[in-house]
Amino acid sequence: MAQTIVVLDFGSQYTQVIARRIREANVYSKVLPFDTPVGEIKALKPVGLVLSGGPASVLANGSPKPHRSLFNLGVPILGICYGLQLMGKMLGGEVKASQQREYGRGKLSITKPGTLFKGLPKELTVWNSHGDCLTKLPKGFRELARTENSRFSAIEDPARKFYGLQFHPEVEHSEKGTQIIQNFLTQVCKCEGDWGMEDFTEASIRSIQEQVGDKKVILGLSGGVDSSVAAALIDRAIGKQLTCIFVDNGLLRLNERDQVIQLFHNHIPGKLKVARAGALFLNRLKGVTDPEKKRKIIGKTFIEVFDQEVKKLGEVDFLAQGTLYPDVIESVPIGGNPAALIKSHHNVGGLPKSMKLSLLEPLRELFKDEVRDLGRTLGLPKEVLMRHPFPGPGLGVRVVGEIKPQRLRVLREADAIFIEELIESRWYHRLWQAFCVFLPVRSVGVMGDERTYENVISLRAVTSSDAMTADWAQLPDKLLRKVSNRIINEVKGANRVVYDISSKPPSTIEWE
């Protein structure tokens, strides 16, 4: 059995990022709810524990806490943000509300390297997100590092191998954060780093086989990375028990249905059925402008169409989806943790009781780059694996305001030009995601000697590794000029192009 690090989830949106960083070090990680019985944790024989951050305050009544016996397991523990405060308070220290909340980038001054900061510079830029701070150390602990507003930003109890970090080493914005986590894994927990994606693949195949047995599975295939990898993985596990369904919801990109059919035919053996339901989706979306309402209508209709396909197929027991962790963590609490809702996602949150199917989501603990690694392990081609993410609701969340056929046409044509030029200029694979957004704004323009009053298209291109954070891409001026010129001249109904220079956070990648 692979060495295991257990990550206890206290509701942080970065919990799975911690797990991902651990897996990047070739160490197996397992995320469990904060209130998992200590006996269950012990049964896993973990070589270390990580206490995640979370939105709650340890000072609040009812804030999430594990059983105190967790600290008697005799294994190393790393507390991050809320995890540090929780450990400090439960072991006899004091936590108080900070006079000045720390959020975003901060300067960490290392006063004693200890094991976590071994071999690192004495000052680091780190990412903070907290309103409380530890003001008195528990017995046996000592200070390792501080910031301007938090004296105990890093602490350790070397005798018990307990460590705490007030900042978030798991996010990209924290300098040397990955090295700090690796120091905990290798120097403290003595991890050997002998686990990899091949192990995940084998474990997933066994898990799918155990969950499904001899029953039948239907999968929603979009042609994107997630659903394609999910289809290939499930097909590897259960073969002919899988039927893939592609729903044309009328919100697809230019020529996407034909591309998906060809993609499936070439690379994924098995059965594919196409449901042409665009008219149904668009009819139900008439007059709807609220983003959440649009998502819910699309999600509900999506499930209804699947229900109809299930009836055509006869007895089917499972609905498989390519849901990833960012979809889950931004939608519903995971395993009962206190994670807050940001936005709903059409293939997250469970199925209605009327649909008698169980969910099969083999990718729900993975990030996009890990899914691509899994796809490579399964032998899928680069053109499938490196395709940019596409939201479940499709262009429904890229037409701001009401969705109309004319608006969709303008958006499709503009988006196709943008992607074509990104590929031609070799920028496409340097980006995490790039697309166009239709804005419900009319602007005055002049074409030839005539006045125009047409629509505005926003270009969006970001760089990221996991979609939890993202920066806008600084595309070359020459490329932006060419894209703008082509859209204005070739797309009837668009006379203005703008470029979105917002990062996540505070913005999201998609507009809706």
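Definitions and limits used
- Residues numbered from 1 in each chain as written.
- Predicted model: local features only at pLDDT ≥ 70, side-chain atom pairs only at ≥ 80, totals over all residues.
- Heavy atoms only, no water.
- Helix = DSSP H or I, 4+ residues; strand = E, 2+ residues; numbered from the N terminus.
- Rg over C-alpha atoms; globule rule 2.2 N^0.38 Å.
- Buried < 20%, exposed > 50% of the residue type's maximum accessible area, 1.4 Å probe, protein only.
- Contact = heavy atoms within 4.5 Å.
- Areas by Shrake-Rupley, 256 points an atom, 1.4 Å probe, with all protein chains shown as cover.
- Lys, Arg positive; Asp, Glu negative; His and termini not counted.
- Charge placed at Lys NZ, Arg CZ, Asp CG, Glu CD.
- Core = buried A, V, L, I, M, F, W, Y, C linked by side-chain atoms within 4.5 Å.
- Patch = residues over 30% accessible without salt bridge, like charges linked within 9 Å, V, L, I, M, F, W, Y side chains within 5 Å.
- Salt bridge = Lys/Arg side-chain N within 4 Å of Asp/Glu carboxyl O.
- Axes fitted to C-alpha atoms, helices over the stretch in contact; angles between N-to-C directions.
- Parallel < 35°, antiparallel > 145°, perpendicular 65-115°, else oblique.
- Left-handed = near helix turned anticlockwise from the far one by under 90°.
- Nonpolar A, V, L, I, M, F, W, Y, C, P; charged D, E, K, R; others polar.

Asks: Mind showing me how you'd approach the overall build of the chain here?
Replies: Each helix and strand in the chain was counted, giving 14 helices and 18 strands. At 25 Å, the chain has a C-alpha radius of gyration in line with the 24 Å of a compact globule built from 512 residues. Out of the 512 residues in the chain, the part that is buried amounts to 57%. Once local pairs closer than 6 in sequence are excluded, the contacts in the chain between residues at least 24 apart make up 73%. In the structure as shown, the chain presents an accessible area of about 22,600 Å², 48% of it carried by carbon and sulfur atoms. Placing the 70 positive and 58 negative side-chain charges of the chain at their respective mean positions leaves the two points 2 Å apart.

Asks: Explain the nonpolar core here, please?
Replies: Nonpolar side chains in soluble globular proteins tend to end up buried together. The biggest cluster of nonpolar side chains holds 47 residues, and the ones touching the most others in it are Phe418, Leu422, Leu459, Leu475 and Ile487. Residues contacting Phe418, with those up to four places away along its chain left out, are Ala434, Phe435, Cys436, Leu459, Arg460, Ala461, Leu475 and Val483. Counting residues in each nonpolar core, the second largest holds 36 residues, with Ala231, Ala237, Leu363 and Leu385 among its members.

Asks: How should the environment of Pro46 be read in this particular structure?
Replies: Mapped onto the fold, Pro46 is located in the loop between helix H2 (38-43) and strand S3 (48-51). Here the alpha-carbon distance between Pro46 and Ser204, two residues 158 residues apart in the chain, equals 20 Å. Ignoring sequence-local partners within four residues, the contact set of Pro46 consists of Thr4, Val6, Ile41 and Val75.

Asks: In this structure, what is going on with a negative patch on the surface? I would like to understand it.
Replies: There is a patch of like negative charges on the surface, built from Glu192, Asp194, Glu198, Asp199 and Glu202. Note that Glu198 resides in helix H5 (residues 197-212).

Asks: Looking at this model, I keep getting lost on the packing of helix H13 (residues 405-424) against helix H14 (residues 477-490). Mind explaining?
Replies: A pair of packed helices is captured by two measures, namely the crossing angle of their axes and the spacing between those axes. In contact at an axis separation of 10 Å, H13 and H14 are set at 150° when each is read in the N-to-C sense. By the criterion of interaxial angle, the relationship of H13 to H14 is roughly antiparallel. In the packing of H13 onto H14, the handedness of the crossing is right-handed. In this structure, H13 contributes Glu413, Ala414, Ile417, Phe418, Glu420, Glu421 and Leu422 to the contact, and H14 contributes Leu479, Lys482, Val483, Arg486, Ile487 and Glu490. Class assignment of the residues belonging to the contact of H13 with H14 gives a composition of seven nonpolar, no polar and six charged.

Asks: Just checking my understanding: could you explain the pattern of salt bridges for this structure?
Replies: Should their charged atoms come close, side chains of opposite charge can pair. Scanning the model with the defined rule gives 25 salt bridges in all. In this structure, Arg142 engages Glu156 in a salt bridge whose closest nitrogen and oxygen atoms are separated by 2.6 Å. With Arg142 in strand S7 (residues 142-146) and Glu156 in strand S8 (residues 154-157), this pair connects stretches of sequence that are 14 residues apart. Take Arg142: its relative accessible area is 35%, and that puts it in the partly exposed class.

Geometric values such as these leave the question of function open.
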